[in-house]
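Overview (structure and organization)
Okay, here's what each chain looks like letter by letter:
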Amino acid sequence: MKVEALLFGGVAVFFGAAATLYGVWSDADPAGTAALIVAFGMAAMVSFFCATQYVRHGPRPQDRTDAEVADSAGPLEFFPPHSPWPIVTAFGFAVAAVGVVFGLWLFLIGFGVLARGVAGLVFQYLNRGVGQGD
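Below is a short write-up of the structure. (Residues numbered from 1 in each chain as written. Predicted model: local features only at pLDDT ≥ 70, side-chain atom pairs only at ≥ 80, totals over all residues. Heavy atoms only, no water.)

Looking now at the packing of aromatic side chains. This model, assessed by the stated rule, comprises two aromatic pairs. Taking the centre distance of 6.2 Å and the plane angle of 25 degrees together, the rings of phenylalanine 107 and phenylalanine 111 count as stacked. Of this pair, phenylalanine 107 and phenylalanine 111 both sit in helix α4 (residues 104–123), four residues apart, roughly one helical turn. (Phe/Tyr/Trp six-rings, centres within 6.5 Å; stacked < 30°, edge-to-face > 60°. Helix = DSSP H or I, 4+ residues; strand = E, 2+ residues; numbered from the N terminus.)

One turn of the α-helix equals 3.6 residues, which is why residues spaced by three or four share an orientation. Between its terminal C-alpha atoms helix α3 (residues 85–102) stretches 25 Å, which fits the 26 Å expected from 18 residues at 1.5 Å a residue. Those residues of α3 lying buried are Trp85, Thr89, Gly92, Val95, Ala96 and Gly99. Looking down the long axis of α3, one finds its buried residues gathered within 130 degrees of arc, a one-sided arrangement. Exposed positions of α3 whose direction lies more than 90 degrees from the buried face are Ile87, Phe91, Phe93, Val101 and Phe102. Against α4 lie the buried residues of α3. Glycine 103 sits one or two residues past α3 and shows a positive phi near 155 degrees. (Expected span 1.5 Å × (residues − 1). Buried < 20%, exposed > 50% of the residue type's maximum accessible area, 1.4 Å probe, protein only. Arc of directions from axis to C-beta. Contact = heavy atoms within 4.5 Å.)

Moving on to the environment of histidine 57. Inspection of the secondary structure puts histidine 57 in helix α2 (residues 30–57). Assessed through its relative accessible area of 59%, histidine 57 is described here as exposed.

Okay, a nonpolar patch on the surface next. A cluster of nonpolar side chains, Val118, Leu121, Val122, Phe123 and Leu126, forms an exposed patch at the surface whose accessible area comes to about 470 Å². By the element assignment, leucine 126 lies in the segment after α4. (Patch = residues over 30% accessible without salt bridge, like charges linked within 9 Å, V, L, I, M, F, W, Y side chains within 5 Å. Areas by Shrake-Rupley, 256 points an atom, 1.4 Å probe, with all protein chains shown as cover. Salt bridge = Lys/Arg side-chain N within 4 Å of Asp/Glu carboxyl O.)

Here we come to the packing of helix α1 (residues 2–25) against α2. α2 packs onto α1 with a crossing angle of 160 degrees between their chain directions and a minimal axis gap of 8 Å. Regarding the angle of α1 to α2, the classification is roughly antiparallel. Judged by the sense of rotation from one axis to the other, the crossing of α1 with α2 is left-handed. Among the residues making up the contact of α1 with α2, the classes are represented as 18 nonpolar, six polar and two charged. (Axes fitted to C-alpha atoms, helices over the stretch in contact; angles between N-to-C directions. Parallel < 35°, antiparallel > 145°, perpendicular 65-115°, else oblique. Left-handed = near helix turned anticlockwise from the far one by under 90°. Nonpolar A, V, L, I, M, F, W, Y, C, P; charged D, E, K, R; others polar.)

With respect to the helices and strands, the residue threonine 33 is situated in helix α2. Ignoring sequence-local partners within four residues, the contact set of threonine 33 consists of Ala19, Tyr22, Gly23 and Ser26.

The next subject is the environment of leucine 7. Tracing the backbone shows leucine 7 in helix α1. Take leucine 7: its relative accessible area is 54%, and that puts it in the exposed class.

Before going further, it helps to examine the side chain of glutamine 53. Assignment of secondary structure puts glutamine 53 in helix α2. What makes glutamine 53 buried here is its relative accessible area of 16%. Once residues within four sequence positions are removed from consideration, glutamine 53 is found in contact with Met1 and Gly58.

The axes of two packed helices give the description: the angle between them and the distance between them. Packing of α3 against α4 brings their axes to within 7 Å, and their N-to-C directions diverge by 160 degrees. What the angle tells us is that α3 and α4 run roughly antiparallel. Crossing of α3 against α4: the hand is left-handed. Grouping the constituent residues of the contact of α3 with α4 by class yields 19 nonpolar, six polar and one charged.

Have a look at this one:
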């Protein structure tokens, strides 16, 4: 993750410099300056995440020049076998999108279903491994 952190850090520096120069030279165009500032923030956030993961977990086999292919073998991660929450989330988004056209009441119902679906996705495996020896 070290290389990725440096790469996105360079992108963040570029967008930060571009936002500064554009803000000065464009006679304070708010839309372009805001877009460049948001791009800077997103690149900086990804760079921070990658750097934090590198510090937390150490170098991966992909980060070492002397690594072999077999060094990265083993279990990758937990992948859930099935979940009802993507369907609930999609339904909630569809109802909320239709609610934009037909009225606030339908949008609020859709937003509630969407929020429940997202919460279900986030917390469905909250206690995974507790008491299971994982």
